[in-house]
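Given next are the chains, with one letter for each unit.
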Amino acid sequence: MAGIVLERLSKVFPGGVRAVDAIDLEIADGEFFALLGPSGCGKTTLLRTIAGLEAATSGTLRLGDRDVTRLPPGARDVAMVFQDYALFPHMTVLDNVAYPLKIKKTPKQERYARATETGESLSLGELLDRRPAQLSGGQQQRAALARAIAVHPQVFLFDEPLSNLDARLRLEARTFIKRLQRELAVTTVFVTHDQAEALAMSDRMAVMEAGQIRQVGTPREVFRRPASVFVANFIGSTPMNLLPATVADGAVRTGGVELPVPDEYAARLPSGLDVVYGIRPEYVRLDGATGTVTGEVSVVEHLGTAELVTVSTTAGEIRAVVPDVDEPAVGDTVGVTFSAGQALVYRAEDGALID
Amino acid sequence: MTPADVVRRIGFYTLLCLVFASFVLPMLWLVSVPFDAKPSLSVSVPDFTLGNFETLADNPSAYKSLLNSVIISAGSMVLVVSLAALGAYALSRVRIRGRDALLYALLLLSSIVTGTAAIVPLYILLDELQLLDSHTGVVLAMSGGLLPAALFILKDFMDTTPRSYEESARVFGASPLRILVDVVVPIARPGLATIAVWTVVQVWGNFLIPFIAYNDPDRFPAAVRMFTFYTEAGQPNLLLISAFSLAYAIPVIAMYLFVSARYGFRFHGGIKH
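These numbers were taken from a predicted model, which means no experiment stands behind them.

1. Quick notes on the interface of chain B and chain A
Listed as interface residues are 15 residues of chain B and, on the opposing side, 20 residues of chain A. Counting residues per element, the ones that place at least two in the side of chain B that touches chain A are α7 (163-171) and α8 (176-187) of chain B. The element contributing the most residues to the side of chain B that touches chain A is α7(B), with 6 residues. A per-class count over the side of chain B that touches chain A returns 9 nonpolar, 3 polar and 3 charged.

2. Quick look at unusual backbone geometry
All names here are of chain A. If you check the backbone angles, Y85 has positive phi at about 70 degrees while not being a glycine. The exposure class assigned to Y85 is buried, which follows from the 22 C-beta atoms found within 10 Å. At H152, a position not held by glycine, the phi torsion is positive, near 50 degrees. Mapped onto the elements, H152 comes out in the loop between α4 (137-150) and β7 (155-159).

3. Here we look at the environment of B:A174
Of note, B:A174 is situated in the loop between α7 and α8. Every residue in contact with B:A174, bar those within four places of it in the chain, is listed here: A:G74, A:I103, B:A169, B:I179 and B:D182.

4. Some words on the packing of helix α2 (residues 93-103) of chain A against α4(A)
Residues and elements named next belong to chain A. Relative orientation of the contacting elements α2 and α4 amounts to 30 degrees, with a least axis distance of 8 Å. Accordingly, the angle class assigned to the pair α2 and α4 is roughly parallel. The element α2 and its partner α4 pack so that their crossing is right-handed. Residue-level contacts link V93, N96, V97, Y99, P100 and L101 of α2 to A143, A146, R147 and A150 of α4. Residues that form the contact of α2 with α4 fall into these classes: 8 nonpolar, 1 polar and 1 charged.

5. Here's the deal with helix α9 (residues 189-205) of chain B
Residue and element names in this part refer to chain B. When the terminal C-alpha atoms of α9 are compared, their 24 Å separation across 17 residues agrees well with the 24 Å that a helix rising 1.5 Å per residue should span. Where α9 is concerned, the buried positions are G191, L192, T194, I195, A196, T199, V200, V203 and W204. Buried residues belonging to α9 abut α3 (60-93), α6 (135-159), α8 and α12 (238-262).

6. Side note on the sheet that holds strand β20 (residues 344-347) of chain A
Residue and element names in this part refer to chain A. An order of β13-β12-β11-β14-β20 is seen for the 5 strands of this open sheet, with the pairing classed as antiparallel. Two strands in the sheet have a free side with no partner beyond their single neighbour: β13 (257-259) and β20. The sheet shows a mean angle of 45 degrees between the axes of neighbouring strands, direction not considered. Pairing of strand β11 (residues 241-248) with strand β12 (residues 251-254) involves 3 bridges; the strand directions are antiparallel. By the bridge assignment, A248 is partnered in β12 with A251.

7. So, the pairing of strand β2 (residues 18-27) of chain A
Residue and element names in this part refer to chain A. Relative to β2, strand β1 (residues 4-12) runs antiparallel, the two sharing 6 bridges. Along β2, the bridge assignment pairs I4 with I27. Hairpin remark: β1 followed by β2, antiparallel, with 5 residues in the connecting loop; positive phi at G15, about 105 degrees.

8. Focus on the sheet that holds β7(A)
All names here are of chain A. With mixed pairing, 6 strands are arranged side by side in an open sheet as β6-β7-β8-β3-β9-β10. Edge positions in the sheet fall to β6 (78-81) and β10 (212-217), since each has one partner strand and no second. Adjacent strand axes in the sheet meet at a mean angle of 20 degrees, parallel and antiparallel pairs treated alike. Strand direction decides the pairing type here: β6 and β7, joined by 4 bridges, are parallel. Residue pairing in the sheet places A79 in a bridge with F156 of β7. Of the strands in this sheet, β6 and β7 touch α4, which is tilted by about 175 degrees from β6.

9. A look at the pairing of strand β16 (residues 293-302) of chain A
Regular strands place their side chains on alternate faces of the sheet. Residues and elements named next belong to chain A. Relative to strand β19 (residues 333-338), β16 runs antiparallel, the two sharing 4 bridges. Residue pairing for β19: E296 is matched across the bridge by T333. Counting the residues in the hairpin turn of β16 and strand β17 (residues 306-313) gives 3 residues, including G304, whose phi is positive at 110 degrees.

10. Section: the packing of α3(B) against α9(B)
A pair of packed helices can be characterised by two numbers: the angle between their axes and the separation between those axes. All names here are of chain B. The contact between α3 and α9 brings their axes to 8 Å, and the two run at 145 degrees. Considering how the two elements wind past one another, α3 and α9 form a crossing that is right-handed. Judged by residue contacts, S69, I72, S73, S76, M77, V80, V81, A84 and A85 of α3 engage L192, I195, A196, T199, V200, V203 and W204 from α9.

Parameters and conventions
- Residues numbered from 1 in each chain as written.
- Chains lettered and ligands numbered in written order.
- Predicted model: local features only at pLDDT ≥ 70, side-chain atom pairs only at ≥ 80, totals over all residues.
- Contact = placed C-beta atoms within 7 Å.
- Helix = DSSP H or I, 4+ residues; strand = E, 2+ residues; numbered from the N terminus.
- Nonpolar A, V, L, I, M, F, W, Y, C, P; charged D, E, K, R; others polar.
- Buried ≥ 20, exposed ≤ 12 C-beta atoms within 10 Å, placed from the backbone.
- Axes fitted to C-alpha atoms, helices over the stretch in contact; angles between N-to-C directions.
- Parallel < 35°, antiparallel > 145°, perpendicular 65-115°, else oblique.
- Left-handed = near helix turned anticlockwise from the far one by under 90°.
- Expected span 1.5 Å × (residues − 1).
- Pairing = 2+ DSSP bridges.

Okay, here's the thing in structure tokens:
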């Protein structure tokens, strides 16, 4: 078992694209760590650099107390599960699972014993003689996991492990992988572009943009206090309300409305500062005719047990999640009330959270 | 249906029959004349006999030449398949400037290497290398001509093999040669089988290069040997030629059927997921 330490790690592709830009990061031993970001943010390149499939341009990478920056992938003692699972189509599931052990020159008998045992622990017992093409997507995924587990690596690397599964199976696989990781307690890094997946599965997560990490923290921290407007925009299945505003006399104002902020902010908001006021739709209430601001309901979206209501106000479009029992109709005039304690204020200039 | 339509249709089918017959006649000749006691260049119901094959059996040079054909075909096949597999894998995976231009240029020039245009320089080259009258010389000349097209077809196969297969093996510590043997070759097997059969057919049927490269009749392959079957009067010995033609055709047909049943032919890459 080993933790992962990245120091000023960079990967620059020929042509000058800085896919990974001087990243410092520590991942603790046994941690389940998510790399989250939109496509092209460098998260997959970072994962591939940890695996050794890409050579780091500069910086160092340590697994446990070993400096592996210049080691070839095979010498790093990591196992990777690819987005398409990369099961060899001409081998049976058993041969696939045993293949890494064959490379490591494990004696044949022990190799197959270990592969069978691992396969059975992932309920692949009946399927070991089949070819990958004869398995369903979920079974293929488990076969790919079994292949990674059977070598007992120090680190697991998962590249978008759930994106090839259909929506229902994805939820099952999410729980399955999380439980498996906890049982094995092997340091695991996984890449995803789905913020819900990262929030649900990881112990800690990093949100990436343009080759850099914008925020590192537990899912709870990242969800409650996104460190920048970018992260705020990216995290949450219903995007946060972000209203451009200006500070005047210690109050945040926009469109003639004073937006309520937590008390501790008052001292940190100099007059004349341009800010972005952020509040999650879950912390916005629509009750009665009065509130912080009133407006007209323009869109109502059904979310299952709740409704996402968009209200046009003088402060801009504001979205609120309301229980489906008291949903307003389109065209109604409603009062919008912010729950001040949950509001966040960002500097407009660089998008950073003021705290 | 108007009378005009009927006439048109009759005309169409007559034309089809003529075209079909022109393809089928040589085949009919090949399977009927060897069993005819009085072989001729026309196709007729044979006056059945196996005597022609007895005559062939008494001619040791015929068997020798078939063996020579097997040696040079197999030699070229092994050389072309192994070099094309290595080369196509490298060309598919390594980015080099002008790679596609290089491939197209090779493909274009290769038709000259085994073609008539280069026959004099090729002869001189083989002479200088002291490879005239040797199977090695013919194998090298044929392989040189066939490799570019083989590379071209195989590279397409390798291109469509997902990189994640190799990367996955790499993370587990497999060396490039190991990946080629364990992962890439098995996946590209239909392509390799296609190249192998195609090489054998090309070499088996080639007349010109062995004709100029061998002086010693003992080394003639079947295609050249057939050219020497004349009677004392200087007439083509149809007795021998017909029986030998069939003996010459059967190995290739058998190989084709075997490989087709075993591996299946494909001229494009790609794997089912």
